[in-house]
Amino acid sequence: MKRRQLLRTGATALTAAISSGVLSSCKVRREGEETNSIALNKVTWRMATSWPISLDTIFGGAETISKRVNALSGGKFQIKPYAAGELVPGLEVLDAVQAGSVECGHTASYYYIGKNPALAFGTSVPFGLNAQQQNAWLYEGGGNELLNEMYSSFGVIGFPAGNTGAQMGGWFKRKLNDLKSLQGLKMRIPGLGGKVMNELGVNVQVLPGGEIYLALERGAIDAAEWTGPYDDEKLGLFRAAKFYYYPGWWEPGPTLTALVNKKAWEKLPKEYKEIFKTACYEANLTMLNRYDTLNGIALQRLLQSGTELVPYEENILIAAKDASFQIYSDLAKTSVSFRQIFEQWQKFRKEVYTWNGINELPFSRFSYQQVQGIR
């Protein structure tokens, strides 16, 4: 009897102690959370972008970051995105972030290959990685770490923050009969894809999205590429050119990047840094999902409106591929940062292509044939 009473008394005391400890612990956590919440100051940033607001999916990448940062911080960390031209021209976002005139930006790193050709890898390079492979390289293959080593010379840090998926091959006012058809053609195309086209005889121009339609419609250029059917339809490119080429071999999986001024980044509390990184990750996946959902539907509308879908001839693709890797080889000889990234990227590309050639390509080929009724 005494033994049972002792056990009962001990259990009661232990329960009381645990309950007291739990309540005390909860109280401490609540007080700690309240203290942290009060201690974190309100931070307001401006984000310059390279996109017109009318392109809701690509500008939406910046908006996703803004909304999620605001929500996850309880409104204490706010970022306002601005369309191209509101704060700075669309092709000068890196410059603005580097100078600190804005805390952050949303852009495509290959717009700035004139500063360092290796910046192309932050977006996409001809005959490179598709969206899934690009994400694998950036997040798990060491790609973003290599890019940030390069970004440090500009005083910025970069985060993947959007992907359009594989792009189309551009709008042309007239059909390409053969490789010679490219000679003297005036085309809007940025990045290393532009350098490849230049090697094939094209007169390359780089224009922000908002200026493409007028240049194409007025004949200042003969051809132009942007992203894919959904955005191209919004820009009205189908009204200025009839022939829609594919595939976009120069951008098989282009990443958009959130750039942050390093001094501004270092001033952020660690909680806000984690919130920003999480928001960028969400923006990266959300944009890709939206484009994959919207592009196929938009393409059908374009075809119904009279757009003619045309594949690049194999001789053009082969010439473009050969020119691409010759450019990579040449740049690797003159640029240390390009060589460092290219060598690591090339190794990753070979490995992931080999794997995807086994696990995905046969399945995709068979499934496509079944859906299209091809026996």
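It should be noted that the structure appears before, not after, this text.
Residues numbered from 1 in each chain as written. Predicted model: local features only at pLDDT ≥ 70, side-chain atom pairs only at ≥ 80, totals over all residues. Heavy atoms only, no water.

Asks: Whenever I open this one, the sheet that holds strand β10 (residues 255-261) confuses me. Can you help?
Replies: What links the strands of a sheet is backbone hydrogen bonding, and the strands pair in either a parallel or an antiparallel sense. Taken in spatial order, the five strands of this open sheet run β2-β1-β3-β10-β4, and their pairing is mixed. Of all the strands in the sheet, the pair left with one neighbour each is β2 (77-82) and β4 (156-163). With strand direction ignored, the average angle separating the axes of adjacent strands in the sheet is 25°. Two strands pair when backbone bridges link them, and strand β1 (residues 43-49) and β2 are joined in this way by six bridges, in the parallel orientation. If you follow Val43 over to β2, its bridge partner there is Phe77. Here helix α2 (residues 59-72) sits on the sheet in contact with β1, β2, β3 (104-107), β4 and β10, set at roughly 165° to β2. Strands β1, β2, β3, β4 and β10 of the sheet are contacted by helix α10 (residues 270-304), whose axis makes an angle of about 30° with β4. (Pairing = 2+ DSSP bridges. Helix = DSSP H or I, 4+ residues; strand = E, 2+ residues; numbered from the N terminus. Axes fitted to C-alpha atoms, helices over the stretch in contact; angles between N-to-C directions. Contact = heavy atoms within 4.5 Å.)

Asks: Would you mind going over the pairing of strand β9 (residues 243-246) with me for this structure?
Replies: Note on strand geometry: in a regular strand, side chains alternate between the two faces of the sheet. Summarising the sheet, strand β5 (residues 171-172) and β9 pair through two bridges and their orientation is antiparallel. Along β9, the bridge assignment pairs Phe172 with Phe243. Where β9 lies against strand β11 (residues 308-311), four bridges are found, and the strand directions are parallel. Within β11, the position partnered with Tyr245 by the bridge is Val310.

Asks: What exactly am I supposed to notice about the packing of helix α4 (residues 131-139) against helix α12 (residues 336-359) here?
Replies: Axis angle and axis distance: for two packed helices, these are the angle between their axes and the distance between the axes, and together they describe the pair. Where α4 meets α12, the axes come as close as 11 Å, and the angle between the chain directions of the two elements is 130°. One finds that α4 runs oblique with respect to α12. For the pair α4 and α12, the crossing hand works out as right-handed. Residues Gln133, Ala136 and Trp137 of α4 pack against Ile341, Gln344, Trp345, Phe348, Val352, Tyr353 and Asn356 of α12. Here the residues of the contact of α4 with α12 sort into seven nonpolar, three polar and no charged. (Parallel < 35°, antiparallel > 145°, perpendicular 65-115°, else oblique. Left-handed = near helix turned anticlockwise from the far one by under 90°. Nonpolar A, V, L, I, M, F, W, Y, C, P; charged D, E, K, R; others polar.)

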